[in-house]
Amino acid sequence: MKRRLARTAGVLLLGALGAVAPASGATSASQRAVAHIADTAHLHLVKASGASLHEVGPVSGTLSGSMQAVLNVSASFSGEFTISTGRGTIKGHGTAVPHGSGRYESFAGSIVVTGGSGRYTHVHGRGGLFGTFDRRTFLFVIQTTGELSD
């Protein structure tokens, strides 16, 4: 079970943050598109510097593209992310409190989407996150809940 979790750990890493697919034609506050957060990212460690992990990988689901994330792993977890698609970028940040110890550690917290570029220039939103972290391979499984607006 632990080995299987380690293999799939990168599958949901911050990926759920990427489900921003605002409906086209949203022009006023009353017509804003609201998207539920649900997506998948496969991230791998590119560089580690102390407690800071730089990870990248593909995003699939509502969005298709790639993600870069800088994650700080210490007594609490925090990070910033950028999702790049053919239609623009989405940026945001999140924090979480870890629970447990050992190789696998669970955590729960929140995310904030702060904007982006191209089609996603005005996107924003908030949500909750939870998941697991594999301290040996630096892989995360992160699932999010919430809504984003354009």
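Within every chain, residues take consecutive numbers counted from 1 along the sequence as written. In keeping with the model being predicted, local features are shown solely for residues with a pLDDT of at least 70 and side-chain atom pairs are shown and tallied solely at 80 or more, while totals for entire chains, interfaces and linings include all residues. Think of the side-chain values as coming from all heavy atoms in the structure, minus any hydrogens and water.

Enquirer: An account of the packing of aromatic side chains is needed here, citing residue identities and associated values.
Expert: Pairs were defined over the aromatic rings of Phe, Tyr and Trp, the Trp ring being its six-membered one, requiring ring centres within 6.5 Å. Orientation was assigned from the angle between planes: stacked under 30 degrees, edge-to-face over 60, tilted for the rest. All told, the structure shown has 2 aromatic pairs when counted by the stated rule. Measuring from centroid to centroid gives 5.4 Å for F77 and F107, while their planes differ by 65 degrees, and the two rings are edge-to-face. Linking F77 in strand β6 (residues 77–85) with F107 in strand β8 (residues 104–118), this pair joins segments that are 30 residues apart in sequence. Here F77 matches F107 in class, with each residue buried. Relative to F133, the ring of F77 lies with its centre 5.6 Å away and its plane at 75 degrees, an arrangement referred to as edge-to-face. Highlighted residues: F77 in strand β6 and F133 in strand β9 (residues 124–134), separated in sequence by 56 residues. Of the two residues examined, F77 and F133, each falls in the buried class. Secondary structure elements are taken from DSSP: a helix is a run of H or I of four residues or more, a strand is a run of E of two residues or more, and numbering for both begins at the N terminus. Residue burial is assigned from relative accessible area. The probe radius is 1.4 Å, only protein chains are included, and a residue is buried under 20% of its type maximum, exposed over 50%, and partly exposed in between.

Enquirer: Before we move on, can you summarise the pairing of strand β7 (residues 88–99) with the specific residues and values?
Expert: Of the pairings in the sheet, the one linking β6 to β7 comprises 9 bridges and is antiparallel in character. Directly across from F77, in β7, lies its bridge partner A96. In sequence, β6 turns back onto β7 through a hairpin of 2 residues. Paired strands, in this sense, are two strands between which DSSP finds at least two bridges. In this sheet, β8 lies alongside β7 in antiparallel orientation, the contact comprising 12 bridges. Paired with K91 across the strands is G115, a residue of β8. Here β7 hands over to β8 after 4 residues, with G100 in that stretch at a positive phi of 95 degrees.

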